[in-house]
Amino acid sequence: MKILVINGPNLNMLGIREPEHYGRETYADLTEKIRTYCADKGIEVTVFQSNHEGALVDEIQKAYGIMDGIVINPGAYTHTSIAILDAVKSVGIPTVEVHISKVEEREDFRQISYIRLACAKTITGHGTDGYLEAIDYLIEGR
Ligand code: DQA
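Described in the following lines is the structure provided in the data block. Nothing here was measured: the structure is a model prediction, and the numbers come from that model. (Residues numbered from 1 in each chain as written. Predicted model: local features only at pLDDT ≥ 70, side-chain atom pairs only at ≥ 80, totals over all residues. Heavy atoms only, no water.)

1. Examining the nonpolar core
Within the largest apolar cluster, 23 residues are counted, with the highest numbers of intra-cluster contacts made by I3, V5, L14, I34, V71, Y131 and I135. Residue assignment for this core shows that the elements contributing at least two residues are strand 1 (2-7), helix 2 (27-41), strand 2 (44-49), strand 4 (95-99) and helix 5 (129-140). Per-element tally for this core: the top contributor is helix 5, with six residues. Not counting residues up to four positions away in its chain, the partners in contact with I3 are I43, E44, V45, T46, M67, G69, V71, I135 and L138. Grouped together as the second largest cluster of nonpolar side chains are 17 residues, M67, I70, I93 and I115 included. (Core = buried A, V, L, I, M, F, W, Y, C linked by side-chain atoms within 4.5 Å. Buried < 20%, exposed > 50% of the residue type's maximum accessible area, 1.4 Å probe, protein only. Helix = DSSP H or I, 4+ residues; strand = E, 2+ residues; numbered from the N terminus. Contact = heavy atoms within 4.5 Å.)

2. Describing the environment of Y64
For Y64, the position within the fold is in the loop between helix 3 (53-62) and strand 3 (69-73). For Y64, a relative accessible area of 57% puts it in the exposed group. Put simply, Y64 and V5 are 59 residues apart on the chain and 14 Å apart in space, counted from C-alpha to C-alpha.

3. Re the side chain of S101
As for its placement among the helices and strands, S101 is situated in the loop between strand 4 and strand 5 (121-124). Classification of S101 by relative accessible area gives buried; the value is 4%.

4. Some words on the environment of G125
Topologically, G125 is positioned in the loop between strand 5 and helix 5. Among the residues examined, G125 registers a relative accessible area of 33% and is labelled partly exposed. Through-space distance from the C-alpha of G125 to that of E105 is 9.4 Å; in sequence the pair is 20 residues apart. Here G125 is in contact with H99, I100, S101 and K102, once residues within four sequence places are set aside.

Next comes the structure, spelled out in structure tokens:
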């Protein structure tokens, strides 16, 4: 099984940015955690991060016919990007939306998620463990 884990803008700043929302683990810690988890489960994982909307769309398109599942935290593009929503819809790959923070308890503008319309599941507020839960969900649905 092949899983693509995609992180959007500012997630490379984990460990530095707003630790009260996102914790102290760095992006390197997160990628290591995901890679170790997937290796233990015999899952082939690709981990990708970009601050650019088009690069995220490109990576989702590249997954077509290759990946069996996508875990995506689009960062702030969650709340604005129809292009990323359309990309996920285009490839038709089972996708799980992850947010490290509890977005539902934050600002009004974070209450809109375009990507959610194309996702089988949403996980919020579980810190970086949410990515592992998303991977488990995709494995179970395989
Ligand atoms: C986030 C929540 C978004 O509102 C924010 O813009 C992010 C991170 C999260 O993981 O909690 O960049 O997706």
